[in-house]
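Breakdown of the fold
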Amino acid sequence: MNENLQRGSIYVNLLKFKYKNNVNETLLSLNIKIDSGEFIGLMGRTGAGKTTSLMLLNGLIPHFIEGDFEGDVITNTMNTKRYRIQTLARFAGLVLQDPETQIFGITLENDVAFGPANLGFDRKKISDVVKNSLKAVGLEGYEKRITSELSGGEKQRLAIAGVLAMEPEILILDEPTSELDPEGKFEIYNLLYNLNREKGVTIIISGHDSDEMLSYTDRIIVLENGMKVLDDNPKQLFKDVSLTQKLGLNPPETAIISNSLSKYCLINENLTTLKNEELISLVKNKFNGTKIKITSKNQSFTSPITPVIIETKNLTFSYQEKMNVLSGINLKIYAGEFVALIGKNGAGKTTFSKHLNGLLRPKVGQVFINSRNIYSTTTSQLSKEVGYVFQNPDHQIFSASVYDEIEFGLKKMNLSETDKSQRISEALSQVGLEGFQDRHPFTLGKGERQKLAFATVLAMKPKILIIDEPTTGQDLDGINKMMAMLKELYLSGYTIIMITHNMDIAAKYADRIIVFSNGKIVKDGPPNVVFYDFEILKSASISPPLCASFANQLRESGYKNYPVTSNEFISDLIVQFDGEGNVN
Amino acid sequence: MLIEYYPSNSFLHDLDVRTKLLGFFLLTFISFIFLSPIINFIIALLVVIIILKINAPLSRVKKLLTPLTPIFFIMIIITGFTYPTENFKTEFSQKIFFTLGIDNSWQFTVGGFLYGITLSLRIFIMVLASTILTFTTPIEDFLQLMKKIKIPYQFAFIITSGIRFIPTMQKKSEMIQEAQKARGAEIGSGGFIKNFKSHIMVLIPLIVDSIRMSDNLAIAMLNRGFGALKFTTDLHTIEMKTKDYLICISELCLVAISIWIKSNNIGVL
């Protein structure tokens, strides 16, 4: 078993692990070997055992978390059974999902110094590691800043710096990017990559970011039901789109396009590539010299004929005397639209949405809901017209049963008992929680709690639904279920306003995209218009769906369409090269 | 936060925490031994001069004092009416300002009035002096002091993390209030019972969330090696300089003088 283990390596030979109060094993016969200097991605569905297995690696299991543990974990040549967590932490640093609970200092320098001070580094060394760690995560010069004033992405980087300051050989990260926008995500992966390549730190990261996993990791380990089901190079895994999906992972868009093309024999299977540039040049070559057969679809936008349900006039807002967070927003939203609000963090999406149900009041300008100025209507009164589903369901759950939780909002509506229970069961069936009425909300899983929060809003029968980042941090299954539910609600006539960072989802489901940047609306239109305004998107730090940039690069070759989903793009290519592929 | 450390390079910022703490206690002590408002007034003046000298953010000071003003008035009124003339030694204090009520049974005594002023000035001095202390002393200095008097570092950790999480909890509670309002709750309106009930809706998610957070915090602390050794490295040390000793000595002299004055029956009512 001790076959020349190196510093910075990990060797897991676990027979089983079962949490104290669980009936079933969370992890079963897990065999993992990680060499020094590798960059490993750990993937799998929610509940597959990713977090549990990461907690094995620095001794949190079995020392802190109680349970039934059989097997050996050797981290950095140390058997975790024989060392304290604090000792192991020196060599294998673990960064968790929520940065908020990992920051202990009032100023950044104090926070980063917390680890090394606990380990008894001398003061000179501490000041060096603090400087270096902050530099490594791009927070140089922020030493004296107050930690609570950082943005979400900066906090996550600080959490990493805090662990780096202990100079670990191995860095383990549990879904560090799940709450971040694409820009923040990119920064995290980039900095991990640099640590890995320049300092030789072994990196193990879990998450659902297929695109980043594909471009940054050396190897991907996939867990399912507590077992390792795949351990391979990311290209091998993602090349097989159906396998990727079967494992509950979201395949990268490049993989989807590349895979379909080879499936229809449009490109040689041996040539399949997961590199964007290579893939597009393959497609370009294919196009060159051929006559365009694809029927062009119009990019034009017809305004809906339904009445205006939301209107804002010159909506301007600022916190205290600071700069305007929103300036001069004029917007009309029509009944029955599915609107996606996009833009980087801090662009004003959430601030804008909070004006629509009166949580915030404009400094200048007006908001009209159903042609009525809501100037003097309280949020509570508006809740019958505008439902707002927040990101964190736990911020509103306070009752002892699912039924009571939903009933709460209905109490003030003077409904009869039968009416009430009718509405409650309707709301439960809309979100797929039938039969959960008597359950205690805190015995539900996170996904179910989110559905419950949705049901409490739906029971009020609002016509407008505002949903703040419904897919953040979810796995493929969770995303699909959530979006299927939203689509259902949209088809039954709700006006839906969704805040999202996921462009593929915005493109697939919304019929109108509104781009926010620096508190202004910089673009507003259907997906096939918005996602083709590359200049505006760039200035708003948004990357469009992959197929849009592909389509754009095929313009010289004569391709004229404006697809926004990979499927649209692929079906165009199939039309173009129909028959030809089969001959090959 | 209102009383948070305010970085600046005034004379007081440069003093050791022990010098400042001693000064704070001694000023409070002096303000308590005299009943007559005159000496307290002098101390109050001194405190005001200091607060002007340390470049303190006066808006924060104003916010601290505004809610106290009505309390000062109420105190003066109560002491004025409730302290009978027999309580006072000097003739001046035994005089009666004015009377109220049937048969003039409510007597407002001069002594009571002055005593009320003294009490108000004591509060005023304590609030301002403690503000000066916290404005000019970073939290690390207090923690080092705790270490010097052999309080375990875990205790210091509780204090820093407590302070660190105040803004986090404030933000959480705001988010929870928003979430509850958005589903039809009326928070902070209606009668007492209704109001109380509406706060339960905020408290329960806040407590549940805190419990979840505390689990994660424990894990994160271990990840950062908390408790690895019996000590932790000090990032910062406190040191008494010559000027600290000089000021401490003058502070003690001031108290000695005050006690001498007091023993000569000056400053009584």
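Described in the following lines is the structure provided in the data block.

The rules behind each value
Residues numbered from 1 in each chain as written. Chains lettered and ligands numbered in written order. Predicted model: local features only at pLDDT ≥ 70, side-chain atom pairs only at ≥ 80, totals over all residues. Heavy atoms only, no water. Helix = DSSP H or I, 4+ residues; strand = E, 2+ residues; numbered from the N terminus. Rg over C-alpha atoms; globule rule 2.2 N^0.38 Å. Buried < 20%, exposed > 50% of the residue type's maximum accessible area, 1.4 Å probe, protein only. Areas by Shrake-Rupley, 256 points an atom, 1.4 Å probe, with all protein chains shown as cover. Lys, Arg positive; Asp, Glu negative; His and termini not counted. Charge placed at Lys NZ, Arg CZ, Asp CG, Glu CD. Pairing = 2+ DSSP bridges. Salt bridge = Lys/Arg side-chain N within 4 Å of Asp/Glu carboxyl O.

Description of the overall build of chain A
- Across its full length, chain A holds 24 helices and 20 strands.
- Its C-alpha atoms give chain A a radius of gyration of 26 Å, near enough to 25 Å, the size a compact globule of 584 residues would have.
- Dimensions of chain A, computed from the C-alpha atoms along their principal axes, are close to 70 × 65 × 50 Å.
- Taken across its 584 residues, chain A has 57% of its residues classed as buried.
- Accessible surface computed for chain A: about 24400 Å², of which carbon and sulfur atoms make up 47%.
- The averaged location of the 68 negative side-chain charges in chain A is 3 Å from the averaged location of its 64 positive side-chain charges.

Focus on the pairing of strand β11 (residues 308–318) of chain A
Residues and elements named next belong to chain A.
- The buried fraction of β11 amounts to eight of the eleven residues, a majority that puts the element mostly inside the structure.
- Relative to strand β12 (residues 324–334), β11 runs antiparallel, the two sharing seven bridges. Pairing of E311 across the sheet is with K332, part of β12.
- As paired strands, β11 and strand β14 (residues 364–369) are joined by five bridges and run antiparallel to one another. Within the sheet, the bridge partner assigned to E311 lies in β14 and is F368.

Some thoughts on the pattern of salt bridges
Residues and elements named next belong to chain A.
- Under the criterion given, the structure shown has 38 salt bridges over all chains.
- A salt bridge links E175 to K50, with the shortest nitrogen-to-oxygen separation between them at 3.9 Å. Of this pair, E175 sits in the loop between β7 (170–174) and α7 (182–199) while K50 sits in helix α1 (residues 50–57), and the two are 125 residues apart along the sequence. No difference in accessibility class separates E175 from K50, as the two residues are buried.
- What you see here is one network of salt bridges that share partners, running through E38, R219, K228 and D231.

Note that all results are geometric; they support no functional claim without further evidence.
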